[in-house]
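# Geometric and topological summary
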Amino acid sequence: MAKKVLRIIFSILEIVLVIIVASLYYLATPVQLPSNQIHIPAGNINHTVLYLNDHIVLATKLDALVLSSLGRPQRGWIDLGSKRMSRLDFLYRLTHSKAPLFSLRLIPGETTYLFLEQLHKDYGYPLDVLRKEYERVSPYPEGVLFPDTYYLPKGMEAKELIDYLVKVGLLKHRRLAQKIYGTYNQKLWFERVVTIASIIQKEAANTREMPLVASVIYNRLKKGIPLQMDGTLNYAQYSHTKVTHKRIQEDKTAFNTYRHKGLPPYPVCTVSLEAIKAALHPAKTHYLYFVKGANGRHIFSSTYKNHLKNIKTVKKRNKKE
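Below is a short write-up of the structure. (Residues numbered from 1 in each chain as written. Predicted model: local features only at pLDDT ≥ 70, side-chain atom pairs only at ≥ 80, totals over all residues. Heavy atoms only, no water.)

## Digging into the nonpolar core
What counts is decided by this rule: The definition of a nonpolar core used throughout is a set of buried Ala, Val, Leu, Ile, Met, Phe, Trp, Tyr and Cys residues joined through side-chain atoms within 4.5 Å. Relative accessibility under 20% of the residue-type maximum defines a buried residue, over 50% an exposed one, and the middle range a partly exposed one, all with a 1.4 Å probe and only protein chains included. Numbering of helices and strands runs from the N terminus, with a helix taken as a DSSP run of H or I at least four residues long and a strand as a DSSP run of E at least two residues long. Any two residues whose heavy atoms approach within 4.5 Å are treated as being in contact.
One finds Leu104, Phe115, Leu161, Trp189, Ile200, Ile217 and Ile276 to be the most contacted residues of the largest nonpolar core, which totals 48 residues. Broken down by secondary-structure element, the contributors of at least two residues to this core are strand E5 (101–106), helix H5 (112–123), helix H6 (127–137), strand E6 (148–153), helix H7 (158–181), helix H8 (186–203), helix H9 (210–223) and helix H11 (273–280). Not counting residues within four places of it along the chain, the set of residues in contact with Ile217 comprises Ile196, Ile199, Ile200, Leu227 and Met229. Counting 20 residues, the second largest nonpolar core, distinct from the first, contains Leu27, Ile38, Ala64 and Val66.

## Remarks on the environment of Pro264
For Pro264, the location among the structural elements is in the loop between helix H10 (245–250) and H11. With relative accessibility at 3%, the residue Pro264 sits in the buried group. Distance in space between the C-alpha atoms of Pro264 and Arg93 is 53 Å, their sequence separation being 171 residues. With residues near it in sequence (within four places) discarded, Pro264 still touches Thr195, Ile199, Thr232, Ala254, Phe255 and Thr257.

## Let's talk about the side chain of Thr112
Topologically, Thr112 is positioned in helix H5. Among the residues examined, Thr112 registers a relative accessible area of 2% and is labelled buried. Leave out the neighbours within four places in its chain, and Thr112 touches Tyr134, Pro141, Glu142, Gly143, Leu145 and Thr270.

Following this line, the structure appears as structure tokens:
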């Protein structure tokens, strides 16, 4: 009887040993992946294993067991670092690897209209979806996104991307407003502060000029003089278009500050922190005019007479050059 029991125990141990050896061999065998960056959809471990089996590499219940002991598989895009590795290493990386990132740069002064076009050209996002999603979540057509370099997970859907960028932009604007005013009035912030900042962003040659340009804007608004600034006509698709006399005559929108007094209805571009600071703290001057001089910098004046003199000086200098 005792010998029979021992034989059963040894048989069981042999089976267990065989299973262990087979499992170790299975986990040590190399796997060849279609790419070092793979996408894992949301779901439980069994769902993940089924997905792996159908789309990436052969996977079994043993993989599910090992995954459950290693931790929860990552979701979304994962950078595994290599296309060939042992199965155990593959399962480990599924639970510990980071998402591959791509950089996205939005420069101050660019319009959201052209930024979305660039997203379409550089990363293949459907332009109609980008525009539709932006209109859905953004309170204003322009000025909401905050210039910065963003590092985002590769494979983000257009909806996720726009949701994130708008959410971050609105949060930064809210925090700035609360820091300055102690409260946040979205209408006042975007239709006054950010709108003025966007004109400064388009007009100023550099950050040093920004408070001076801001002073011209406020002085003109105070006197009820049309702003007459080209920068307001560089909205949307016209971001980099030279403003000509013909354009001024033909543009009937509220962004044409040659035809309409006051500010445009909303910002004309994305704005930097420096432009916002200038809009909030303009220089104390009597300037009402400015003209582009040498090196792209502007010459400011308080009277139209001096402004005309400055224009003549600039023209003479340009002819000599």
